Amino acid sequence: MRLSHDSYVEHVRSEAARIAAVAQRGLEVDVPSCPGWTVRDLVEHTAEVYRHKIACMQEKAFPEPWPPERDDEPALDYFARATEDLLTELTSRDPLEFAETWWWDERTVGFWGRRMAHESAIHRIDAELAHDDVTPVDAALALDGADEVLRLMLAEDWSDEPYRDLPPAIVRVRCGDVAWRAVMEPMAVVVHVDRSSDEPVDATVTGDAEALYLWLWGRGPDRTLASDGDPTAVAHLDARMRLATL
C-alpha cells in the first residue's frame with residue numbers, strides 16, 4: 001500500500017496548493033470538521049505542522065521550545081513559505097535519512113513525506129468543507145491513508161487513558177481485497193493487515209478507499225459504507241478513531 005517518496009511529495013505539493021486556493025475565498029469562514037476553527041486557524045495550524053517537521057528533519061530532534069514566536073506575516077504568506085520550505089526538505093534529502101519522529105519503528109525523512117501527504121490531504125478536505133466545495137481524494141493515497149491511520153494512530157498502548165465506554169471488540173475494515181483486523185481492548189489496540197480473513201471478528205466495515213479514509217478521519221459520513229455484525233463493535237471503532245485522530 002505504501003507509495004513512493006516522490007508520490008508523497010507530489011501529494012503534499014498538490015494538496016497544499018489546493019488548501020491555499022480554497023482559503024483565498026475567505027479566511028474567516030468556520031470549518032465544520034474542526035469545531036472552533038476558522039479557515040485562518042486551519043491554514044496557520046497546517047503551516048505550523050509543516051515547520052515542526054522541517055525542524056525534525058533539520059535538527060534530527062523534536063524542536064524545543066515549540067511553537068516558535070510568529071510575527072504578523074499574513075496567514076497565506078506564512079503557509080506558502082512553510083510549504084515551500086517543507087518541499088525543499090523533502091526533495092533535497094534521501095527518504096532513508098534519519099529524522100526524529102514519534103513512530104518507534106520508522107525515524108526517517110520518508111516517514112514525514114508520508115505523514116505530511118496525509119496531513120495535507122485531510123486539511124485540504126477541511127478547507128473544502130468550509131467552502132462547500134469538496135473534491136475527490138486520490139484512490140491510492142486514500143488506501144495508504146487508511147492503512148496509516150489504523151496502524152500508526154489507532155494501534156497503540158492506551159494504558160495511560162484506558163477506554164472503557166464500550167466493551168472490547170474486534171472489527172475488520174475492508175477495502176476490496178485489502179483488509180485490516182483491529183483488536184480493541186481497554187488498555188491497548190492491535191491492528192494488522194488481515195491476509196486470510198479467516199479469523200473471527202465481531203463486525204466488518206466495508207467501503208471504497210476514499211469513503212473509508214474520510215470516515216476513519218471523521219471527515220465523511222458512514223452512509224456510503226456497509227457494515228455487518230455487532231453494531232456496538234462498529235460504534236467502538238468509530239469512537240476510538242475519534243480519540244486517535246484528535
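Below: a short report on this structure. Within each chain, residue numbers correspond to sequence positions counted from 1 in written order. Residue-level local features of this predicted model are given only where pLDDT is at least 70; pairs of side-chain atoms are given and counted only at 80 or more, and the full residue set underlies all totals for whole chains, interfaces and linings. With hydrogens and water stripped out, all remaining heavy atoms of the structure feed into the side-chain values.

### Details of the overall build of the chain
Part 1 of the argument: For the chain, the helix and strand inventory stands at seven helices and six strands.
Part 2 of the argument: Helices and strands appear in the chain in the N-to-C order α-α-α-α-α-β-β-β-β-β-α-β-α.
Part 3 of the argument: Counting only C-alpha atoms, the chain reaches 55 × 40 × 35 Å along its principal axes.
Part 4 of the argument: Contact between two residues is taken to exist if any of their heavy atoms lie within 4.5 Å; hydrogens are not considered. For the chain, the share of sequence-separated contacts (at least 6 apart) that also reach a separation of at least 24 residues comes to 68%. What counts as a helix is a DSSP run of H or I of at least four residues, what counts as a strand is a run of E of at least two, and both are numbered from the N terminus.

### Section: the nonpolar core
Part 1 of the argument: Each nonpolar core is a collection of buried residues, namely Ala, Val, Leu, Ile, Met, Phe, Trp, Tyr and Cys, held together in the definition by side-chain atoms within 4.5 Å. For every residue, the accessible area (1.4 Å probe, protein chains only) is compared with the maximum for its type, and the residue is labelled buried under 20%, exposed over 50%, or partly exposed between those bounds. Leu150 and Leu154 are the most contacted members of the largest nonpolar core, which has 75 residues in total.
Part 2 of the argument: Counting residues per element, this core draws most heavily on helix α4 (residues 109–130), which supplies ten residues.
Part 3 of the argument: When near neighbours in sequence (up to four residues on either side) are disregarded, Leu150 contacts Ala155, Val173, Trp180, Val191, Leu216 and Met241.

### Points about helix α2 (residues 39–59)
Part 1 of the argument: To estimate how far a helix should reach, multiply one less than its number of residues by 1.5 Å. The terminal C-alpha atoms of α2, which comprises 21 residues, lie 30 Å apart, in line with the 30 Å expected from a rise of 1.5 Å per residue.
Part 2 of the argument: Lys60 sits one or two residues past α2 and shows a positive phi near 60°.

### Topic: the environment of Arg164
Part 1 of the argument: As for its placement among the helices and strands, Arg164 is situated in the loop between β1 (156–157) and β2 (169–175).
Part 2 of the argument: By relative accessible area, which is 59% here, Arg164 ends up exposed.
Part 3 of the argument: Separated by 72 residues in sequence, Arg164 and His236 place their C-alpha atoms 9.8 Å apart.

### Examining the side chain of Arg115
Part 1 of the argument: Mapping Arg115 onto the fold places it in helix α4.
Part 2 of the argument: Owing to a relative accessible area of 5%, Arg115 belongs among the buried residues under this scheme.
Part 3 of the argument: For this analysis, a polar contact is any N or O atom pair within 3.5 Å, provided that within protein one partner can donate a hydrogen and the other can accept it, and provided that sequence-adjacent residues contribute only side-chain to side-chain pairs. Of note is the side chain of Arg115, whose polar atom sits 2.8 Å from the side chain of Glu148.

### Focus: a negative patch on the surface
Part 1 of the argument: Like charges are joined within 9 Å and nonpolar side chains (Val, Leu, Ile, Met, Phe, Trp, Tyr) within 5 Å, but only among residues with over 30% relative accessible area and no salt bridge; these make up the patches. In these tables, accessible area is a Shrake-Rupley quantity obtained with a 1.4 Å probe, and a residue counts as shielded only by the protein chains included in the view. Salt bridges are defined as contacts in which a side-chain nitrogen from Lys or Arg sits within 4 Å of a carboxyl oxygen from Asp or Glu. In this charge count, Lys and Arg are treated as positive and Asp and Glu as negative; neither His nor the chain ends contribute. Where a charge lies is defined by one atom per residue type, namely NZ (Lys), CZ (Arg), CG (Asp) and CD (Glu). Together, Glu156, Asp157, Asp160 and Glu161 make up a negatively charged patch on the protein surface.
Part 2 of the argument: Assignment of secondary structure puts Glu161 in the loop between β1 and β2.

### Examining the sheet that holds strand β5 (residues 203–206)
Part 1 of the argument: In this description, strands pair whenever DSSP reports at least two bridges between them. Strand order in the open sheet formed by six strands is β1-β4-β3-β2-β5-β6, with mixed pairing between adjacent strands. Here the strands that pair on one side only, and so sit at the sheet edges, are β1 and β6 (226–229).
Part 2 of the argument: The sheet contacts of helix α6 (residues 209–216) involve β2 and β5, and relative to β2 the element is tilted by about 140°. Only the stretch in contact is used when a helix axis is fitted, and all axes are lines through C-alpha atoms; the angle between N-to-C directions ranges over 0 to 180 degrees.

### Quick word on unusual backbone geometry
Part 1 of the argument: With an omega of -5°, the peptide bond running from Glu64 to Pro65 counts as cis.
Part 2 of the argument: Mapping Pro65 onto the fold places it in the loop between α2 and α3 (75–92).
Part 3 of the argument: Put simply, Trp66 and Pro67 share a cis peptide bond, and its omega is 0°.
Part 4 of the argument: Structurally, the position occupied by Pro67 is in the loop between α2 and α3.
Part 5 of the argument: Backbone geometry at Lys60 places phi at a positive 60°, although glycine is not the residue there.
Part 6 of the argument: Relative to the helices and strands, Lys60 is located in the loop between α2 and α3.
Part 7 of the argument: What makes Lys60 partly exposed here is its relative accessible area of 29%.
Part 8 of the argument: One non-glycine residue, Asp132, lies in positive phi territory at about 55°.
Part 9 of the argument: Relative to the assigned elements, Asp132 resides in the loop between α4 and α5 (139–154).
Part 10 of the argument: Judged by relative accessible area, Asp132 falls into the exposed class, the value being 72%.

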